[in-house]
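Okay, here's what each chain looks like letter by letter:
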Amino acid sequence: MSALLKLEVNQFRNIESAELALSPTINLIHGNNGSGKTSLLEAIYVLGSGKSFRTTLVEPLIRASASAAILHAENTEGMRIGLLKHRNQKNTLKLNGAVQPNWDEVAHTLPTRILDSGSFQLLESGPKARRRFLDWGVFHVEHRFVDCWRRSRKALVNRNRLLKAEPVSESQLKPWDLELAAAGEEMDNSRKRYMNRLIPVFQSFLKDMIEGLPGELMIRYNRGWEDGLPLQQALQQSRVMDSRYGVSQVGPQRADIEIRLGKRKALELLSRGQQKLLVCALQLAQGRLLAETINRQCLFLIDDLSAELDRNNRTKVLDQLINLNSQLFITSVDPNALSFVAPQRAETAMFHMEHGIITN
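The following refers to the structure shown. For clarity, every value in this text was computed on a predicted model and none was experimentally measured.

### Points about the nonpolar core
Grouped together as the largest cluster of nonpolar side chains are 55 residues, with contacts concentrated most on Phe202, Met209, Ile259, Leu278 and Leu321. Sort the elements by how many residues they give to this core and helix H9 (residues 272–294) lands first, with ten residues. Residue contacts for Leu321: discarding those within four places in its chain leaves Leu115, Leu284, Phe300, Ile302, Ser326 and Leu328.

### Some words on the packing of aromatic side chains
Remark: the centre distance and the inter-plane angle together describe each pair of aromatic rings, the angle taken between the planes. This structure, assessed with the given rule, holds one aromatic pair. Where Tyr45 meets Phe53, the ring centres are 5.3 Å apart and the plane angle is 90°; that geometry is what we call edge-to-face. With a relative accessible area of 15%, Tyr45 lands in the buried category. Looking at Arg113, its charged tip hangs above the ring of Trp136, at a distance of 4.2 Å from the centre. For the cation-ring pair, Lys276 lies above Phe120, with the distance from its terminal atom to the ring centre recorded as 5.8 Å.

### Concerning the sheet that holds strand S4 (residues 68–75)
Spatial ordering of the open sheet is given by S2-S1-S4-S5-S6-S7, a layout of six strands whose pairing is antiparallel. A strand with exactly one partner marks an edge of an open sheet, and here the two such strands are strand S2 (15–21) and strand S7 (98–99). Here strand S1 (residues 4–12) runs beside S4; their pairing, made up of six bridges, is antiparallel. Residue Val9 lies in a different strand from S4, and its bridge partner there is Leu71. Where helix H1 (residues 37–49) meets the sheet, it contacts S1, S2, S4 and strand S5 (80–86), and its direction lies at approximately 105° from that of S1.

### So, the layout of surface pockets
By volume, the second largest pocket is sized at about 210 Å³. If one sorts the elements of the lining of the second largest pocket by residue count, strand S10 (residues 256–261) sits on top with five residues. Looking at side-chain class alone, the lining of the second largest pocket contains six nonpolar, one polar and six charged residues.

### A look at the environment of Val146
For Val146, the location among the structural elements is in helix H4 (residues 145–163). By relative accessible area, which is 14% here, Val146 ends up buried. Each C-alpha atom, one on Val146 and one on Ile29, is 34 Å from the other, the two residues being 117 residues apart in sequence. Those residues in contact with Val146 that sit more than four places away from it in its chain are Asp104 and Phe139.

### Remarks on the pattern of salt bridges
Across all of its chains, the model carries 23 salt bridges by this definition. Here Arg54 ties to Glu42 by a salt bridge, and the two come within 3.0 Å at their closest N and O atoms. Of this pair, Arg54 sits in the loop between H1 and S4 while Glu42 sits in helix H1, and the two are twelve residues apart along the sequence. The exposure class of Glu42 is buried, given its relative accessible area of 0%. For Lys276, the salt bridge identified is with Glu308, shortest N-O distance 2.8 Å. Of this pair, Lys276 sits in helix H9 while Glu308 sits in the loop between strand S12 (299–303) and helix H10 (311–323), and the two are 32 residues apart along the sequence. Taken together, the shared-partner salt bridges connect Arg159, Glu170, Asp177, Arg239 and Asp242 into one network.

### A word on the packing of helix H3 (residues 127–141) against H9
Across the interface, H3 lies against H9 with an axial gap of 10 Å and an inter-helix angle of 10°. One finds that H3 runs roughly parallel with respect to H9. For the pair H3 and H9, the contacting residues are Phe133, Leu134, Trp136, Gly137, His140 and Val141 in the first and Leu282, Gln283, Gln286, Leu290, Thr293 and Ile294 in the second. Along the lines of polarity and charge, the residues of the contact of H3 with H9 split into seven nonpolar, five polar and no charged.

### Brief notes about the packing of H3 against H4
The N-to-C vectors of H3 and H4 enclose an angle of 130°; their axes lie 8 Å apart at closest approach. As the angle between them shows, H3 and H4 are arranged oblique. Contact with H3, carried on its side by Asp135, Val138 and Phe139, involves Phe145, Val146 and Trp149 of H4 and no other residues of that element. Across the contact of H3 with H4, the residue classes tally to five nonpolar, no polar and one charged.

### Some remarks on the sheet that holds strand S3 (residues 26–30)
Sheet strands associate in pairs through backbone hydrogen bonding, adopting either a parallel or an antiparallel arrangement. Spatial ordering of the open sheet is given by S8-S12-S13-S3-S14-S15, a layout of six strands whose pairing is mixed. Of all strands in the sheet, those bounded by a partner on one side alone are strand S8 (112–115) and strand S15 (357–359). The average undirected angle you get between the axes of adjacent strands in this sheet is 20°. Judged from the four bridges that link them, S8 and S12 form a sheet pairing that is parallel. Opposite Leu115, over in S12, you have Ile302 as the bridge partner. Along the sheet, H9 contacts S8 and S12; its crossing angle with S8, the most-contacted strand, is approximately 165°. Each of S3, S8, S12 and strand S13 (328–332) touches H10; the most contacted strand, S13, lies at about 155° to it.

Definitions and cut-offs
- Residues numbered from 1 in each chain as written.
- Predicted model: local features only at pLDDT ≥ 70, side-chain atom pairs only at ≥ 80, totals over all residues.
- Heavy atoms only, no water.
- Core = buried A, V, L, I, M, F, W, Y, C linked by side-chain atoms within 4.5 Å.
- Buried < 20%, exposed > 50% of the residue type's maximum accessible area, 1.4 Å probe, protein only.
- Helix = DSSP H or I, 4+ residues; strand = E, 2+ residues; numbered from the N terminus.
- Contact = heavy atoms within 4.5 Å.
- Phe/Tyr/Trp six-rings, centres within 6.5 Å; stacked < 30°, edge-to-face > 60°.
- Lys NZ or Arg CZ within 6 Å of the ring centre and 35° of its normal.
- Pairing = 2+ DSSP bridges.
- Axes fitted to C-alpha atoms, helices over the stretch in contact; angles between N-to-C directions.
- 1 Å grid on protein atoms, 1.4 Å probe; cavity = no way out; pocket = protein on both sides within 12 Å on 5 of 7 lines; lining within 4 Å.
- Points joined across faces, edges and corners; volume = space filled by probe spheres on them.
- Nonpolar A, V, L, I, M, F, W, Y, C, P; charged D, E, K, R; others polar.
- Salt bridge = Lys/Arg side-chain N within 4 Å of Asp/Glu carboxyl O.
- Parallel < 35°, antiparallel > 145°, perpendicular 65-115°, else oblique.

This is the structure in structure tokens:
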């Protein structure tokens with residue numbers, strides 16, 4: 001098991017300076033609203049991915065009186081991750097003292113999932129959110145995927161730029177069609193392999209967590225163009241429409257995951273509580289599949305689960321999370337709301353937050 005042992009957060013949001021000795025299993029963080037609990041989870045997420053789950057802006061992440069935020073962590077394998085995040089300069093990311101050109105190696109070292117109010121909107125959100133969910137899992141178990149993803153993005157950007165030109169140049173489009181087709185087909189194969197492994201794991205969690213579903217729940221991956229049709233041919237057939245709208249209408253950037261009960265979307269038939277349990281089952285399945293495939297545990301950030309699920313469903317989710325043997329960071333306004341989680345576990349650390357200050 002790989003877990004964080006030490007975490008240092010400086011000048012991040014309302015946290016001026018904090019140094020935590022962490023439990024490799026469960027870390028409970030409690031405090032009033034606005035005390036900085038979510039900011040602590042956000043700092044871990046930013047360190048592992050370079051992005052926030054709350055905002056796309058850099059400015060709010062850095063404390064008002066500071067020019068940069070500094071994050072540092074060390075895990076049970078002795079890996080050290082450090083990030084210097086400036087307001088107006090390039091980030092400095094280090095892994096074991098070596099500067100990293102991107103987040104690839106750090107993300108593999110610190111695979112992190114978030115369960116919060118935003119993640120529960122996975123069913124309601126558009127395809128982009130579901131592609132992001134899917135590609136997180138594929139990235140961690142298919143090593144060539146990220147290179148194909150970058151190739152497809154570059155090809156797509158250039159292809160869309162040419163589609164907006166008047167007139168559209170067929171000779172200039174052709175090489176980008178070929179590149180998008182090659183990268184997109186490989187992305188599709190990786191996504192299909194991942195979904196074939198994820199679905200039975202997801203169904204296993206679903207069976208244990210949700211009772212009385214009004215029908216058989218089916219999950220299906222849509223690759224973004226017609227099944228059985230090579231992407232290069234699909235791009236050619238879509239050329240007239242692509243030129244009309246100035247954007248590629250088919251390809252891996254259009255992929256989605258459909259979740260249905262019979263012929264209807266699951267969103268239309270499930271209660272709000274069942275929808276949240278379904279999303280939790282998807283996240284849990286990703287965690288288990290990650291551990292089974294690459295023998296690395298996923299770190300779970302759970303933000304105020306008591307506000308999202310009733311006590312019975314909360315217990316189901318947390319029991320499953322604990323059984324994964326993953327490291328958990330759980331926030332709550334009321335520490336007593338978490339007392340049922342694992343009262344007998346010796347390796348549970350509890351932290352109190354008030355005005356950005358953390359105490360044990």
